[in-house]
Amino acid sequence: MSVLIGKNSVVSVNYKLTDDSGKVLDSSDGSKPMVYLHGAGNIIPGLEKALAGKGEGDALKVRIEPADAYGEVIPDGIKSIEKAAFEGVESVEPGMVFEAQAPDGTTQQIMVVKVDEDKVTIDTNHPLAGIALNFDINVLSVREATKQELEHGHTHEHGHDH
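In this text the structure is predicted, and so the values were computed from the model without any measurement. (Residues numbered from 1 in each chain as written. Predicted model: local features only at pLDDT ≥ 70, side-chain atom pairs only at ≥ 80, totals over all residues. Heavy atoms only, no water.)

Check the secondary structure of the protein chain and you find 2 helices and 9 strands. Counting only C-alpha atoms and orienting by the principal axes, one finds that the protein chain spans roughly 65 × 40 × 30 Å. For the protein chain, the proportion of its 162 residues judged to be buried stands at 33%. Sequence-distant contacts, at least 24 apart, represent 62% of the contacts inside the protein chain between residues at least 6 apart. A total of about 9,900 Å² of accessible surface is found on the protein chain, and carbon and sulfur atoms cover 50% of it. If you average the places of the 14 positive and of the 27 negative side-chain charges in the protein chain, the two averages end up 4 Å apart. (Helix = DSSP H or I, 4+ residues; strand = E, 2+ residues; numbered from the N terminus. Buried < 20%, exposed > 50% of the residue type's maximum accessible area, 1.4 Å probe, protein only. Contact = heavy atoms within 4.5 Å. Areas by Shrake-Rupley, 256 points an atom, 1.4 Å probe, with all protein chains shown as cover. Lys, Arg positive; Asp, Glu negative; His and termini not counted. Charge placed at Lys NZ, Arg CZ, Asp CG, Glu CD.)

Pasting the structure below:
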């Protein structure tokens, strides 16, 4: 009897992620499958919910709304800051992505949206915020997590250990 995906399962999947227009946003094609610890918050909530109860060999197509993915766009996440904040950066251009410290002390990505004479408009929203995500998934394997994986909150595939 095969193991079904549930809390504390180590799951390996091949996937293709597209937006509603069909544009491929990410894929495991040509790379290693995605391996994650189910129930540990390692993937977006909507996808984790859709995979629960599936087993090895199952294939599914699922659409995840922004609320169950990377959230809606937060207007306050788009702001104008002084260009001087980019001290040491030779040229600041729209589309550039930087890491910065968030107010809560965590690291966040910011993307440059617009550059004026002395101001830079940045967006601190996740790049996939506000976008419905369409996954085409093939479940390759499901197994119970090891004690160490449970303690660490992630898998130890491909020789990863610490």
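Back to the text.
Once that is clear, we can look at the pattern of salt bridges. In the structure shown here, the tally under the stated rule is 6 salt bridges. In this structure, Glu82 engages Lys119 in a salt bridge whose closest nitrogen and oxygen atoms are separated by 2.6 Å. Of this pair, Glu82 sits in strand E5 (residues 78-82) while Lys119 is found in strand E8 (residues 119-123), placing the two residues 37 residues apart along the sequence. Judged by relative accessible area, which is 42%, Glu82 ranks as partly exposed. (Salt bridge = Lys/Arg side-chain N within 4 Å of Asp/Glu carboxyl O.)

Moving on to the confidence of the model for the protein chain. Averaged over every residue, the pLDDT of the protein chain is 91; the share at 70 or more is 96%. Considering each helix and strand of the protein chain separately, the mean pLDDT is smallest for helix H2 (residues 147-152), with a value of 86, and largest for strand E4 (residues 59-64), with 98. (pLDDT = per-residue confidence, 0-100.)

The subject of this paragraph is unusual backbone geometry. The backbone of Asn8 shows a phi angle near 75 degrees, a positive value even though the residue is not glycine. Residue position: Asn8 is located in the segment before strand E1 (9-18).

Another point: the UniProt feature "domain: PPIase FKBP-type" (unreviewed entry) in the protein chain. In this structure's numbering, the residues bearing the UniProt feature "domain: PPIase FKBP-type" (unreviewed entry) are residues 8-72. For the annotated span residues 8-72, helix accounts for 11% and strand for 37% of the residues, and the straight-line distance between the end C-alpha atoms is 29 Å. (UniProt positions renumbered as here; feature names shortened; annotations may be inferred.)

Across the sheet, which stays open at both edges, the 4 strands sit in the order E5-E8-E7-E6 with antiparallel pairing between neighbours. Sheet topology places E5 and strand E6 (97-101) at the edges, where each strand pairs with a single neighbour. Direction aside, the axes of adjacent strands within the sheet are offset by 45 degrees on average. Pairing geometry for E5 and E8, over 5 bridges, is antiparallel. When the sheet's bridge partners are listed, Glu82 is paired in E8 with Lys119. (Pairing = 2+ DSSP bridges. Axes fitted to C-alpha atoms, helices over the stretch in contact; angles between N-to-C directions.)

Ranked by size, the top nonpolar core spans 21 residues in total, and within it Leu47, Leu51, Leu133, Phe135, Ile137 and Val139 carry the most contacts. Among the elements of the structure, E1, helix H1 (45-51), E4 and strand E9 (133-144) are those that each provide at least two residues to this core. Among the elements that take part in this core, E9 stands out by supplying 5 residues, more than any other. Judged by nonpolar contacts, the second largest core, of 7 residues, contains Phe86, Phe98, Val112 and Val120. (Core = buried A, V, L, I, M, F, W, Y, C linked by side-chain atoms within 4.5 Å.)

Walk down a regular strand and you will see the side chains alternate between the two sheet faces. Sheet topology places E1 next to strand E2 (residues 24-27); 3 bridges connect them, and they run antiparallel. Looking at E2, one finds that Thr18 is bridged to Val24. What sits between E1 and E2 in their antiparallel hairpin is a turn of 5 residues, with Gly22 showing a positive phi close to 95 degrees.

On the secondary structure map, Ser12 appears in strand E1. Since its relative accessible area comes to 10%, Ser12 is described here as buried. In this structure Ser12 touches Pro33, Met34, Val35, Asn138, Val139, Leu140 and Ser141, once residues within four positions along its chain are discounted.

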